[in-house]
Amino acid sequence: MMNDLFDSVDGEHWREPVADGVVVLRRFASPASSALMATVAAIAEQAPFRHMVTPGGHSMSAAMTCAGSLGWVTDARGYRYQSHDPQTGEPWPAMPFTFAELAKKAAEDAGFPGFEPDACLVNRYQPGAKMGLHQDKDERDFSWPIVSVSLGLPIVFQFGGRRRSDRPQRVLLEHGDVVVWGGSARLNYHGVLTLKAGQHPLTGGYRYNLTFRKAG
Ligand code: MD6
Ligand code: FE
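As the structure is a prediction and not an experimental result, all values here were calculated from the model. (Residues numbered from 1 in each chain as written. Chains lettered and ligands numbered in written order. Predicted model: local features only at pLDDT ≥ 70, side-chain atom pairs only at ≥ 80, totals over all residues. Heavy atoms only, no water.)

**Student:** Now, about the environment of Val 178: what can you tell me, with residues and values included?
**Tutor:** Structurally, the position occupied by Val 178 is in strand E12 (residues 178-181). Considered as a pair, Val 178 and Asp 141 are 37 residues apart in the sequence and their alpha carbons are 21 Å apart. Excluding anything up to four places from it in sequence, Val 178 contacts Val 23, Val 24, Leu 25, Phe 28, Ala 29, Ala 106, Val 147, Ser 148 and Val 149. (Helix = DSSP H or I, 4+ residues; strand = E, 2+ residues; numbered from the N terminus. Contact = heavy atoms within 4.5 Å.)

**Student:** Hey, could you go over the site of ligand 1 for me, with residue numbers and the actual values?
**Tutor:** Residues in close proximity to ligand 1 include Tyr 125, His 134, Asp 136, Ile 146, Ser 148, Phe 157, Trp 181, His 190, Val 192, Arg 207, Asn 209 and Thr 211, which together make up its full environment. Tyr 125 is positioned such that a nitrogen or oxygen atom in its side chain is 2.5 Å from an oxygen atom of ligand 1. In this structure, Asn 209 approaches ligand 1 through a side-chain N or O atom, which is 3.3 Å from an oxygen atom. Relative to its unbound accessible area of 340 Å², ligand 1 is 99% covered by the protein chains. Among the secondary structure elements, those contributing two or more residues to the shell around ligand 1 are strand E9 (146-152), strand E13 (190-192) and strand E14 (207-213). Per element, the largest residue contribution to the shell around ligand 1 is three residues, and it comes from E14. A per-class count over the shell around ligand 1 returns five nonpolar, five polar and two charged. (Near = heavy atom within 4 Å. Polar contact = N/O pair within 3.5 Å; in protein donor to acceptor, adjacent residues only side chain to side chain. Areas by Shrake-Rupley, 256 points an atom, 1.4 Å probe, with all protein chains shown as cover. Nonpolar A, V, L, I, M, F, W, Y, C, P; charged D, E, K, R; others polar.)

**Student:** Summarise the nonpolar core; cite the residues concerned and give the values.
**Tutor:** Judged by nonpolar contacts, the single largest core of 32 residues is most densely connected at Val 22, Met 64, Tyr 125, Phe 159, Val 179 and Trp 181. For this core, the secondary structure elements donating two or more residues are strand E3 (22-26), strand E4 (63-68), strand E5 (71-75), strand E7 (119-125), strand E10 (155-159), strand E11 (169-173) and E12. Not counting residues up to four positions away in its chain, the partners in contact with Val 179 are Val 22, Val 23, Val 24, Ile 146, Val 147, Ser 148, Phe 159 and Leu 173. Counting residues in hydrophobic clusters, the runner-up holds 31 residues, among them Ala 44, Ala 103, Val 180 and Tyr 208. (Core = buried A, V, L, I, M, F, W, Y, C linked by side-chain atoms within 4.5 Å. Buried < 20%, exposed > 50% of the residue type's maximum accessible area, 1.4 Å probe, protein only.)

Pasting the structure below:
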């Protein structure tokens, strides 16, 4: 439903400010979602989903893969971006043009023109998977935003503050929603709660999240 909090962009998508520098573009990616999912499948054929292990030795509950000239990895040595998939030894699949265009349009819509992501991290959540509160701080230049696309099953996103102890706001992210996250919020803590089981016509029992970054 529309109300005064929401800034209607057109009949199908609308803007919902969450905090200074953070906006949810509701349903922004809906028209492209089938094409996006087909592209995710193609990426996963080259660079399969895997559960990466954190430096603390914990296996992440979301499965991940990447596209772009840089991909994000975690292992016993730490967290970083690198040009090659450690599992295959091959370069990450190239950034699909359709991905980059969507991310650029969303960033522009949110007030960040000229966004050219070089990394797309793809997360796949199965029921029970979650992501604890964290900061995204492995990128070189925090003046660029992060653009995050949610596909498939809904999940509760937590938007926190600059300190891990700041009480987070909770926002439900649904299929097609795009979060643009920048400015003074760029280093804020955030995460997602445990995915509940369900069925989505496009993604089955999963939720996918694409995060676009300018990492290098
Ligand atoms: C997720 N997203 O939505 C996890 N990070 O599954 C993130 O960690 C994230 O959505 C930075 C900016 C936007 C995000
Ligand atoms: Fe994040």
